[in-house]
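Below, each chain spelled out in residue letters.
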Amino acid sequence: MHRAHTAFSLALSPMARKNFATWLLKSSSSQQMAKATAAAAVRTYNSAAAEPFANGSTASYVEEMYNAWLRDPTSVHTSWDAYFRSNSYVSPPNLAPVQANTLPLTAFNFGGAVSGAAPDSKTIDDHLAVQAIIRSYQIRGHNIAHLDPLEINSPELPGNSSTKTIYANFSFGEQDMERQFKLPSTTFIGGDEASLPLKEILNRLENVYCNKIGVEFMFINSLEQCNWIRKRFETPGVLNFSPEEKRLILARLTRATGFEAFLAKKYSSEKRFGLEGCEIMIPALKEIIDVSTELGVESVIMGMPHRGRLNTLANVCRKPLNQIFTQFAGLEAADDGSGDVKYHLGTYIERLNRVTNKNIRLAVVANPSHLEAVDPVVQGKTRAEQFYRGDQEGKKVMSILIHGDAAFCGQGVVYETMHLSDLPDYTTHGTIHVVANNQIGFTTDPRFSRSSPYCTDVARVVNAPIFHVNADDPEAVMHVCKVAAEWRATFHKDCVIDLVGYRRNGHNEIDEPMFTQPLMYQKIRKHKNCLDLYADKLIAEGTVTGEEVKSVAAKYENICEEAFALAKTETHVKYKDWLDSPWSGFFEGKDPLKVAPTGVKEETLIHIGNRFSSPPPNAAEFVIHKGLMRVLAARKAMVDEKVADWALGEAMAFGSLLKEGIHVRLSGQDVERGTFSHRHHVLHHQLVDKATYNSLQHMYPDQAPYSVSNSSLSEYAVLGFEHGYSMTNPNALVLWEAQFGDFSNTAQSIIDQFISSGQSKWVRQSGLVMLLPHGMEGMGPEHSSCRVERFLQMSSDDPDYFPPESDEFGVRQLHDINWIVANCSTPANYYHILRRQIALPFRKPLILCTPKSLLRHPEAKSPFSEMSEGSEFQRIIPDNGPAGDNASNVKKVVFCSGRVYYDLTKTRAEKKLESDIAIVRVEQISPFPFDLVKEQANLYKNAELVWAQEEHKNQGSWTYVQPRFLTALNHSRDISQSDGQTSSTNTTTTTDHTNQVSATGSDPNSDPKSQPWLSRMFAASNSNGGDPKDPAVTLGGDFNAAKHFDLKNVRHDFNRPAGIAAAPGARIAKSGRKISYVGRACGASTATGSKAQHIRELNALLNDAIST
């Protein structure tokens, strides 16, 4: 303040005029120069020439009286007080000609101090103090706003008890309350008025910042954005609603409250995670959608937790109520899949917005119980829809994320997702976050669940304004929602609405909250709900009558009753009714078991290879790193030789898909160059910043777009984002690459809850590809294994069931499994499996173990002939050497997968055992290639069979492939009787798929599906008598445990249902062949940190495998 006073005094001093005028002459703004020049030459007009009817002493006396009045109105005579209060005081008239570059001091209005003399220091200090008070309210007003409907919680911040603490440090007393102060440009509380009395300034500030809305925005480093927010909240009258708008709010709040009440009445013992205590969220979402639709948005994608989900589906999306009520009935599903609980399901609705009279598309993305895991999925889906619509600024498609208070501050994925908000290849151009703040997390108080004052403080890191609002004030909530929608449309940035409410019930409807929060829930039980409070307010002010309020509630209850009656007529639930990402027209007219060819013309491969190995055309000034020039030259040499390494094979897969109109998106950490410096899809000008060239974007003039994006250093959010992206369009290849394969475990929730089980739970397909660098190469425990065993453990194919062999065996397996796991050893197979993702008539996630050392291995190259027309993906690559030509003399067959093949072949050559040992590569691990393994085993009838892997025995593929090898080799295994079968020693089967002979001689046509698995497990002995020790009768009743399920009863989904015995054609007696393990012993870590130990382990593996 001292600096401001000094600067002001210097500006007025005559000594400063000369230098000040010199500065002004250099000013580029003529308007500014004119005003400031006049200001620099201020005259006080204290000479006689300036006062033709009064002398200078008279003017000085008047000025002294005025300054004294400014300091204390009681210090002057009442006549002077009345005179100055009338605002009629002006400077004495000036009859002298106005000189050039002069401006009377009256041009400067210091709170009404229009005088010919410079204001004293007290006046300047007081005006600066008022500006500081205004700023203090803008910064700290939210600390003392009345946000909590229960009035029990408040942020633990210093001085948050009274508004007076905001201006307590300024020396204003009651005598200053009527003084006029000029309002600065940083506030809009005056409306059209330039100055206000101090009392009115304080009242308006308290009403804006300390009432039912608390605004956090002064941390934003953009003056334009801060002023925009100030104007939306400070302008007088912004919270005035018309009677029609108030009735609309009441009607929407009535529906939200009525829905929860109806469910509580009809399904009192069911979990539904109702919204009681924060019902205003439903009108809030509708207001956001209304305003956004008016501003041009056509599609809204929402993600939310379980609380309030059913209400959102019913009253925001307008999902048919009977479909929602059917979910409570426990009916059988009409379609395949496991389904999910009702409060996890998503939906997709296209409807007319009756308020704006515009069409709107609403999608609520299905989510698991893992709170906030759906956030990046929603963002990826939103970004994809914007991309395919050409919506580069996010004006047509937007996302809304709804959070719980405890999860918003507790789950790290919120922070990761927030940090994607401004990244060029990940931004959705603004997301509106709505926090349903119950002020409790399950049973934990906020004071024990977060370290920050607010649950929303995470949003401050991305300069997102935060609007806290009392959920019991519907009009304040509606205003905040309107501002949030306009903010997003104006600045295309995130913002947060913190709906501070409460949770009327426990964590769910059958939970008792009084165990842990007795005082809070005593208050809640006495507290009126929001609808009653608002209805009373509107009735009191005469906007509605009590009869109108009851009529609206009764009308909605009748709608619910009609839907409830309709729901009773349903016999099945349909999971497809809850699909959140429908692919219109994708499945129609397709043979579900026909795969398009993956090979392409050799000319196409050559063209892509030449473009990929060339610098930018017609850009001689584009300076490329010398090392990259050698890389490009090596690629060109391979194209001339018609061979491809890993990077070139990948580029040909991408380029050929782009040629066919398939959008390709590759995302992950450092993917533009590649973790191992092998890809180099983006060339950088060595002398010009941000000048880049991507050859795959310039293959063909009419090609599809190619996106390759270095992501933030996040796995959880980015993998979720790409999964959401892949849900939007089936005709796109979306890939996420981990920096190292084991880093994917940071995103385990996305893998477990969305990718592996999404189709089963939500009838939602995805063709997402996960590229996971994998290989035991002496890089230590954390850079070796992608933990392929975890992906294989979650694969849904049955290890004990050999599907019926047919020409469609391979594609039918792909159709029925939940995802594909592969470990390719050649660039050609990598090329084909990528193209197969699009060639399939359906979509499945692909988990791909990718190599590290093979990227530059001289033998890991494929000729163009293995990628051209007529070639295809090889699930198994047989031995094509001397061993394959003379199979009967082979002594050992080593099955393996991935990089270890090259170590095995090298050792075999060194030992000169090419004719004695065959090495067969299993490229597609899951679904397991039963038919081809059986074929290879039959080829080498006299050989010992072993499985070799570089991972530890309890890791890698061994535990997955071992039982499947036994099934493929027609080896009958002992199956637990709880699986609906007897011990294999009591069963004899033939290889005839249509006949079987049971040891008990029971009817072969009886259907074991009629016996529930639980009753079979715990059944008593046969009620008709018999030896209870006999496995044929121990399962009780007339069900015979020795009975196998005939192939004619195999379900159309190909995989045997749980609890049903396997098909007889896959079994023979126990004399079948076995397979042995060769590799590292079990271990807790994935690999050793010692290079020497790694080499010893690898040599032991190779010596064991390559020996006869």
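Scroll up for the structure.
Keep in mind that what you see is a predicted model, and the values were worked out from it rather than measured.

Draft legend 1. Fine view of the overall build of the chain. Scanning the chain from terminus to terminus reveals 36 helices and 32 strands. A burial count over the chain gives 57% of its 1108 residues as buried. By sequence separation, contacts in the chain at least 24 residues apart represent 80% of the contacts at least 6 residues apart. Summed over all atoms, the accessible surface of the chain reaches about 46700 Å², with 51% contributed by carbon and sulfur.

Draft legend 2. Structural context of the state of the cysteines. What the rule picks out here adds up to zero disulfides. This cysteine, Cys-455, is not joined by any disulfide, and Cys-409 carries the nearest cysteine sulfur, 5.9 Å off.

Draft legend 3. Looking closely at the sheet that holds strand β13 (residues 495-500). Read from one edge to the other, the open sheet built from eight strands follows the order β5-β12-β13-β11-β10-β6-β9-β8, with strand pairing classed as mixed. Of all the strands in the sheet, just β5 (213-216) and β8 (347-353) have a single pairing partner and so form its edges. Adjacent strand axes in the sheet meet at a mean angle of 20 degrees when their direction is disregarded. In the sheet, β5 pairs with strand β12 (residues 466-470) via four bridges, with the strands oriented antiparallel.

Draft legend 4. View of the packing of helix α32 (residues 900-910) against helix α36 (residues 1091-1105). One way to put it is that α32 packs onto α36 with a least axis distance of 10 Å and a crossing angle of 60 degrees. Along this stretch, α32 crosses α36, giving a crossing that reads as right-handed. Counted together, Val-900, Asp-903, Leu-904 and Thr-907 of α32 and Leu-1098, Leu-1101, Leu-1102 and Ala-1105 of α36 form the full contact between these two elements. Here the residues of the contact of α32 with α36 sort into six nonpolar, one polar and one charged.

Draft legend 5. Inspection of the nonpolar core at higher detail. Counting 169 residues, the largest nonpolar core has Phe-325 and Ile-497 as its most contacted members. The element contributing the most residues to this core is helix α18 (residues 474-491), with 10 residues. Apart from the residues lying within four places of it in its own chain, the contact partners of Phe-325 are Phe-259, Phe-262, Leu-263, Tyr-267, Cys-560, Ala-563, Phe-564 and Ala-567. Formed by 53 residues, the second largest nonpolar core is a distinct cluster that contains Leu-605, Ala-651, Tyr-706 and Phe-743.

Draft legend 6. Quick look at the sheet that holds strand β29 (residues 944-952). Spatially, β25-β27-β26-β29-β32 is the arrangement adopted by the five strands of the open sheet, whose pairing is mixed. Single-partner strands in this sheet number two, and they are β25 (876-877) and β32 (1076-1080). Relative to the sheet, α32 contacts β26 (892-896), β27 (917-922) and β29, its axis offset from that of β27 by approximately 170 degrees. Seen against the sheet, α36 touches β26, β27, β29 and β32 and runs at an angle of roughly 160 degrees to β32.

Draft legend 7. Fine view of the pattern of salt bridges. Enumeration over the complete set of coordinates arrives at 39 salt bridges. For Lys-246, the salt bridge goes to Glu-541, with nearest N and O atoms at 2.8 Å. Highlighted residues: Lys-246 in helix α10 (residues 243-266) and Glu-541 in helix α20 (residues 530-541), separated in sequence by 295 residues. The class for Lys-246 is buried, based on a relative accessible area of 12%. According to the relative accessible area criterion, Glu-541 is partly exposed, its value standing at 37%. Residues Glu-557 and Lys-265 are paired through a salt bridge, measuring 2.6 Å at the closest nitrogen-oxygen approach. With Glu-557 in helix α21 (residues 546-567) and Lys-265 in helix α10, the pair connects residues that are 292 residues apart, well separated along the chain. The class for Lys-265 is partly exposed, based on a relative accessible area of 45%. Where salt bridges share partners, they join Glu-298, Arg-361, Glu-385, Arg-389 and Lys-396 into one cluster.

Draft legend 8. Layout of unusual backbone geometry. Between Ser-926 and Pro-927 the backbone carries a cis peptide bond, its omega angle lying at 0 degrees. Note that Pro-927 resides in the loop between β28 (924-926) and α33 (930-939). With phi around 60 degrees, Gln-439 is a residue other than glycine that occupies positive phi space. Examined against the element boundaries, Gln-439 turns out to sit in the loop between β11 (431-437) and α17 (446-449). One non-glycine residue with positive phi stands out, namely Asn-463, at about 60 degrees. By secondary structure assignment, the location of Asn-463 is in the loop between α17 and β12. Taking the relative accessible area as the measure of exposure, Asn-463 reaches 22% and is therefore partly exposed.

Draft legend 9. Spotlight on α18. For α18, which comprises 18 residues, the first-to-last C-alpha distance of 26 Å matches the rise-based estimate of 26 Å (1.5 Å per residue) to within 8%. Across the 18 residues of α18, 15 count as buried, placing the element largely inside the fold. Once α18 finishes, His-492 follows within two positions and takes phi at roughly 55 degrees, a positive value.

Draft legend 10. Looking closely at a nonpolar patch on the surface. A cluster of nonpolar side chains, contributed by Val-623, Leu-687 and Val-688, occupies part of the molecular surface with about 270 Å² of accessible area. Looking at the element boundaries, Leu-687 is found in the loop between β17 (683-684) and β18 (692-693). For Leu-687, a relative accessible area of 69% translates into the label exposed.

Draft legend 11. The pairing of β12, seen in detail. Judged by how many residues are buried, β12 sits mostly within the fold: five of five residues are covered. The alternating pattern of β12 places Ile-466, His-468 and Asn-470 on one face and Phe-467 and Val-469 on the opposite face, and all of these are buried. Here five bridges tie β12 to β13, and the two strands are oriented parallel to one another. Across the sheet, His-468 pairs through a bridge with Asp-498, a residue of β13. In the classification by handedness, the crossover that spans β12, the intervening α18 and the parallel β13 is right-handed.

Draft legend 12. Geometry of the packing of aromatic side chains. Taken as a whole and assessed by the stated rule, the structure comprises 33 aromatic pairs. Here Phe-928 and Phe-930 contribute two aromatic rings whose centre-to-centre distance is 5.2 Å and whose plane-to-plane angle is 75 degrees, an arrangement assigned as edge-to-face. Ring pairs connect the aromatic residues Phe-802, Phe-809, Phe-895, Phe-928, Phe-930, Trp-947 and Phe-965, which therefore count as one cluster. Looking at Lys-266, its charged tip hangs above the ring of Phe-564, at a distance of 4.7 Å from the centre. One cation-aromatic arrangement involves Arg-921 over Tyr-901; the distance from NZ or CZ to the ring centre is 3.7 Å.

Draft legend 13. Main features of the environment of Lys-342. Positionally, Lys-342 belongs in the loop between β7 (332-333) and β8. The spatial distance from the C-alpha of Lys-342 to the C-alpha of Trp-578 is 9.7 Å, given a sequence separation of 236 residues. Not counting chain neighbours up to four residues away, the residues in contact with Lys-342 comprise Glu-270, Lys-271, Leu-310, Gln-327 and Phe-328.

Draft legend 14. Focus on the packing of helix α24 (residues 646-659) against helix α30 (residues 827-839). Two elements in contact, α24 and α30, have axes separated by 8 Å at closest approach and are oriented at 25 degrees. As summarised for this structure, α24 and α30 are arranged roughly parallel, according to the angle between their axes. The chirality of how α24 crosses α30 is right-handed. Within the contact between the two elements, α24 uses Trp-646, Gly-649, Glu-650, Met-652, Ala-653, Phe-654, Ser-656 and Leu-657 and α30 uses Pro-827, Tyr-830, Tyr-831, Leu-834, Arg-835 and Ile-838.

Draft legend 15. Local environment of the side chain of Asn-143. Inspection of the secondary structure assignment puts Asn-143 in the loop between α6 (121-140) and α7 (164-167). Here Asn-143 falls in the buried class, since its relative accessible area comes to 9%. Here the side chain of Asn-143 touches His-142 through a polar contact of 3.1 Å, side chain to side chain.

Draft legend 16. Highlighting the pairing of strand β20 (residues 732-737). Counting buried residues in β20 gives six out of six residues, a clear majority hidden from the surface. The two faces of β20 match: Ala-732, Val-734 and Trp-736 on one face and Leu-733, Leu-735 and Glu-737 on the other face are all buried. By the bridge criterion, six bridges tie strand β16 (residues 663-668) to β20 in an arrangement that is parallel. Bridging from a neighbouring strand, Leu-666 pairs with Leu-735 of β20. When β20 meets strand β21 (residues 769-773), the two strands line up parallel, connected through three bridges. In the strand pairing of β21, Leu-735 is matched with Val-769.

Conventions we followed
- Residues numbered from 1 in each chain as written.
- Predicted model: local features only at pLDDT ≥ 70, side-chain atom pairs only at ≥ 80, totals over all residues.
- Heavy atoms only, no water.
- Helix = DSSP H or I, 4+ residues; strand = E, 2+ residues; numbered from the N terminus.
- Buried < 20%, exposed > 50% of the residue type's maximum accessible area, 1.4 Å probe, protein only.
- Contact = heavy atoms within 4.5 Å.
- Areas by Shrake-Rupley, 256 points an atom, 1.4 Å probe, with all protein chains shown as cover.
- Disulfide = S-S within 2.5 Å.
- Pairing = 2+ DSSP bridges.
- Axes fitted to C-alpha atoms, helices over the stretch in contact; angles between N-to-C directions.
- Left-handed = near helix turned anticlockwise from the far one by under 90°.
- Nonpolar A, V, L, I, M, F, W, Y, C, P; charged D, E, K, R; others polar.
- Core = buried A, V, L, I, M, F, W, Y, C linked by side-chain atoms within 4.5 Å.
- Salt bridge = Lys/Arg side-chain N within 4 Å of Asp/Glu carboxyl O.
- Expected span 1.5 Å × (residues − 1).
- Patch = residues over 30% accessible without salt bridge, like charges linked within 9 Å, V, L, I, M, F, W, Y side chains within 5 Å.
- Right-handed = clockwise from strand over helix to strand, strands pointing away.
- Phe/Tyr/Trp six-rings, centres within 6.5 Å; stacked < 30°, edge-to-face > 60°.
- Lys NZ or Arg CZ within 6 Å of the ring centre and 35° of its normal.
- Parallel < 35°, antiparallel > 145°, perpendicular 65-115°, else oblique.
- Polar contact = N/O pair within 3.5 Å; in protein donor to acceptor, adjacent residues only side chain to side chain.

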